Amino acid sequence: MTRLAVIVVLAFAVAGCGSGSSDNEAASPTTTSTSPTTTATSPPSMQTVPDCMPSPSASTSPQKSSNENRETMYLTNVTAGADKCTAKVVFGFEEQAPGPGFEVSYQPADTAKIEDGSGNLIEVAGNEFLVVKLNPAMTGKIEGEQVVKTYTGPRRLPGTDPITEVVKTGDFEGVVTWVIGLDSKRSFTTNASDSALVVEIDHS
């Protein structure tokens, strides 16, 4: 091979190497891809609201009124019933301000089931006994030489769960006593007006 031919071959070889390197760099550029960040949002928590909310003033402690400057109240009716959330016993009176004096408290069976005055045992169905004492109160009034009954209803009323029974256990010396039999000890409230005392028992 002549000297000129060798030079031409070497020139082409160098040119080919340079062209291949440049093409490779152009064909494979470095690309950085960034995936979008997705933040999962938790659904708001669902809070269950109870259907029945006990009164904040309800408790199992004794509740009573002040008996100062109270006139004798005349009982006219007693009713008992229950709905989904509460049970109620309503004592109705001839209207007179400031309304009935009362004391409502849980008592053990051996005292709750005793009749006022006589001391006789009176059966009351239930496991717990809420005793309602109305004072001063009567179930009849004296008109001339006669006693006219203002309450002519039964001494014993059937209950509606959780009330098992409502029984009159006293009408003696200006105090009228009723016992509310219950399935268990439950919190209660009292609400008096000029013509009624409402004992409301938690049923939730």
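Residues numbered from 1 in each chain as written. Predicted model: local features only at pLDDT ≥ 70, side-chain atom pairs only at ≥ 80, totals over all residues. Heavy atoms only, no water.

Undergrad: An account of the overall build of the protein is needed here, citing residue identities and associated values.
TA: Along the protein, the regular secondary structure elements total 2 helices and 13 strands. The buried share of the protein, reckoned over its 204 residues, is 31%. Across the protein, the fraction of contacts at a sequence separation of at least 24, relative to all contacts at a separation of at least 6, is 69%. (Helix = DSSP H or I, 4+ residues; strand = E, 2+ residues; numbered from the N terminus. Buried < 20%, exposed > 50% of the residue type's maximum accessible area, 1.4 Å probe, protein only. Contact = heavy atoms within 4.5 Å.)

Undergrad: A description of the state of the cysteines should follow, citing residues and the corresponding values.
TA: Going through the model one piece at a time under the given rule, you end up with 1 disulfide. One disulfide in the model links Cys52 with Cys85; its S-S distance is 2.1 Å. Its S-S torsion of approximately -75 degrees makes the covalent link between Cys52 and Cys85 left-handed. Of this pair, Cys52 sits in the loop between helix H1 (3-27) and strand S1 (63-64) while Cys85 sits in the loop between strand S2 (73-82) and strand S3 (86-93), and the two are 33 residues apart along the sequence. (Disulfide = S-S within 2.5 Å.)

Undergrad: Tell me about the confidence of the model for the protein, and name the residues and values.
TA: When pLDDT is averaged along the protein, the result is 83; 75% of the residues meet or exceed 70. Confidence drops under a pLDDT of 50 for residues 1-36, and excluding neighbours within four residues, the segment shows 1 contact in the predicted structure. (pLDDT = per-residue confidence, 0-100.)

Undergrad: Account for the pattern of salt bridges, with residues named and values stated.
TA: In total, this model carries 7 salt bridges according to the counting rule given. Between Asp116 and Lys133 there is a salt bridge; the shortest N-O distance is 3.6 Å. Within this pair, whereas Asp116 is found in the loop between helix H2 (109-112) and strand S5 (128-134), its partner Lys133 is found in strand S5, the two being separated by 17 residues in sequence. A relative accessible area of 22% means that Asp116 is categorised as partly exposed. Residue Lys168 pairs with Asp171 through a salt bridge whose shortest N-O separation is 3.5 Å. Classification of Asp171 by relative accessible area gives partly exposed; the value is 34%. (Salt bridge = Lys/Arg side-chain N within 4 Å of Asp/Glu carboxyl O.)

Undergrad: Summarise the nonpolar core; cite the residues concerned and give the values.
TA: By size, the foremost hydrophobic cluster in this structure holds 26 residues, and its most contacted members are Leu75, Phe91, Leu130, Leu134, Ile180, Val199 and Ile201. Those elements giving two or more residues to this core turn out to be S2, S3, strand S4 (102-106), S5, strand S10 (163-172), strand S11 (175-182) and strand S13 (196-202). Look past the residues within four positions of Val199 in its chain and what remains in contact with it is Ala87, Lys88, Val89, Phe91, Val104, Leu130, Val132, Ile180, Phe188, Thr189 and Thr190. The next biggest cluster of nonpolar side chains, apart from the first, holds 7 residues, and it includes Ile122, Val131, Val167 and Val179. (Core = buried A, V, L, I, M, F, W, Y, C linked by side-chain atoms within 4.5 Å.)

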